[in-house]
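Topology and contacts: notes
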Amino acid sequence: MAEGVLNIREAVGSDAPVLLSFLQQMALETDLILWEESDFPDDLERFGQILEESYHSLASLCLLAYVDDQLCGVLHLRGKQGRRLNHIADVFIVLAPAFRGYGIGSLMMQETLDWVTTMDLLRRIELTVQVRNKAAVALYQKFGFEIEGIQKRGVQDADGVLLDLYSMALLIGSDV
């Protein structure tokens, strides 16, 4: 990565085109993520609405990392709906391959966990990650996520090889 200015900010509805393009590109460039290019909404307007709803939500957060003017990473925390699950959120993070290993993921995760602490609504953050994605597993463990289980043959790569997944979670605050 060439030197540049890092800016991490919250996504808004107008970010939909660049974010959708980035996520589609990442689905093509790496097989470490669990979704494919076809998993994204075709309706750009609806995608923008989803981002705007996340921006105004008390239990969801979407962070975009830019180096200069280039989007290089996304962290999305999405709170679950319903009275019985509204204390739980799912999280995923994806960084462009050229920007991995520079601490951007750690900065995004720290900012997210600071936000979660400030909001004081969530008590559990969940994620699923490929067992072979050692860097991501190490990042999550660095922030206190624990492996709760293994999903044997939970995903397959482009060649049809079946891969295991970790189910990981971070518990926040007390049980009460």
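Right above here is the structure, for reference.
Residues numbered from 1 in each chain as written. Predicted model: local features only at pLDDT ≥ 70, side-chain atom pairs only at ≥ 80, totals over all residues. Heavy atoms only, no water.

As for its position among the elements, His 76 is in strand β3 (residues 70-79). Apart from residues no more than four positions distant in its own chain, His 76 is found in contact with Ser 54, Leu 61, Cys 62, Asp 90, Val 91 and Phe 92. (Helix = DSSP H or I, 4+ residues; strand = E, 2+ residues; numbered from the N terminus. Contact = heavy atoms within 4.5 Å.)

Moving on to the nonpolar core. Nonpolar side chains in soluble globular proteins generally cluster together in the buried interior. Judged by nonpolar contacts, the single largest core of 54 residues is most densely connected at Leu 19, Leu 77, Met 108, Ile 125, Tyr 140 and Phe 145. Setting aside residues no more than four positions away along its own chain, Leu 77 makes contact with Ala 59, Ser 60, Leu 61, Ala 89, Asp 90, Val 91, Thr 112, Trp 115, Val 116, Leu 122 and Ile 125. (Core = buried A, V, L, I, M, F, W, Y, C linked by side-chain atoms within 4.5 Å. Buried < 20%, exposed > 50% of the residue type's maximum accessible area, 1.4 Å probe, protein only.)

Within a regular beta strand, the side chains point alternately toward one face of the sheet and then the other, so they alternate between its two faces. For strand β4 (residues 88-95), the buried fraction is high: six of the eight residues fall into the buried class. Sheet analysis places β3 next to β4, joined by seven bridges and oriented antiparallel. Residue pairing across strands places His 76 opposite Phe 92, the latter belonging to β4. Pairing of β4 with strand β5 (residues 124-130), which is carried by three bridges, proceeds in the parallel orientation. (Pairing = 2+ DSSP bridges.)

Here we take up the environment of Gly 4. Inspection of the secondary structure assignment puts Gly 4 in the segment before β1 (6-10). Excluding residues within four positions of it along the chain, Gly 4 makes contact with Val 67 and Asp 68.

All quantities given are derived from atomic positions and should not be read as evidence of function.
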